[in-house]
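# Tertiary structure, described
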Amino acid sequence: TYVPSAAGQKGKIELIGVDLPAVVKRGAKFTATLHFYVHENVTTNYKVFMHFDRGAARFNSDHDPIRGRCGTQYWQAGDYISDTVDVLAGGEMNTTSGTYDLWVGFAVNPGPGQWKNMTVTSGNADGNNRVKVGSITLKPSGGGCR
């Protein structure tokens, strides 16, 4: 269970599920879906971030929820939200084959370089207000250097 909160917004959103392939080829696109339940109205327009981490290697998908069609400031108590996003499976040189943990959270950027993550109040959280929700394995793309 993932129940993030921000100052004055304790326990507004709960992550109730994630759809994620188990294995993808490095450099390929795949679809991931996060499923949320809204406990209280949300008044801030947050971005969703997805960090796929393996040691120092990372690929990510930071995005406006619901493909930009319905920001979190419009989410109301009782809503079920499915946020589907297309992710590029690590095309960078530091994303080698292997298993990457998926960490999810919400963030707002009030100004250049001022990202602030929504506080996580329960779940498998780390010290950066993100929640580990699964993992994905990158396999070699099949060509060139591995």
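Residues numbered from 1 in each chain as written. Predicted model: local features only at pLDDT ≥ 70, side-chain atom pairs only at ≥ 80, totals over all residues. Heavy atoms only, no water.

On to the packing of aromatic side chains, then. The full count for this structure, using the stated rule, is 8 aromatic pairs. With centroids separated by 4.5 Å and ring planes inclined at 0 degrees, the aromatic side chains of Phe52 and Phe59 adopt a geometry described as stacked. By relative accessible area, Phe59 is classed as buried at 2%. An aromatic cluster is defined as three or more aromatic residues linked by ring pairs; in this entry it consists of Phe30, Phe52, Phe59 and Tyr100. (Phe/Tyr/Trp six-rings, centres within 6.5 Å; stacked < 30°, edge-to-face > 60°. Buried < 20%, exposed > 50% of the residue type's maximum accessible area, 1.4 Å probe, protein only.)

What the 3 strands build is an open sheet, ordered β2-β4-β7; its pairing is antiparallel. Where the open sheet ends on each side, the last strands, each with one partner, are β2 (13-19) and β7 (80-88). Each neighbouring strand pair of the sheet contributes to a mean axis angle of 25 degrees, computed without reference to strand direction. Bridge count between β2 and strand β4 (residues 29-38): 6 bridges; the pairing is antiparallel. Across the sheet, residue Glu14 finds its bridge partner in β4, namely Tyr37. (Pairing = 2+ DSSP bridges. Helix = DSSP H or I, 4+ residues; strand = E, 2+ residues; numbered from the N terminus. Axes fitted to C-alpha atoms, helices over the stretch in contact; angles between N-to-C directions.)

Before going further, it helps to examine the environment of Ala107. Looking at the secondary structure, you find Ala107 in strand β8 (residues 98-108). As for Ala107 and Val48, which are separated by 59 residues in sequence, their C-alpha atoms are 6.5 Å apart. If we skip the residues at most four places from it in the chain, Ala107 touches Tyr46, Lys47, Phe49, Trp115, Lys116 and Asn117. (Contact = heavy atoms within 4.5 Å.)

Let's shift gears to the confidence of the model for the protein chain. Averaged over all residues, the pLDDT of the protein chain is 85; the fraction at 70 or higher stands at 88%. No element of the protein chain has a lower mean pLDDT than strand β1 (residues 4-5), at 46, and none a higher one than β7, at 96. Within the model, the stretch residues 1-10 combines pLDDT values under 50 with 44 contacts to residues more than four positions away or in other chains. (pLDDT = per-residue confidence, 0-100.)

Following the criterion strictly, the structure yields 6 salt bridges and no others. For Arg58, the salt bridge is made with Asp53, and the minimal N-O distance between the two is 2.6 Å. (Salt bridge = Lys/Arg side-chain N within 4 Å of Asp/Glu carboxyl O.)

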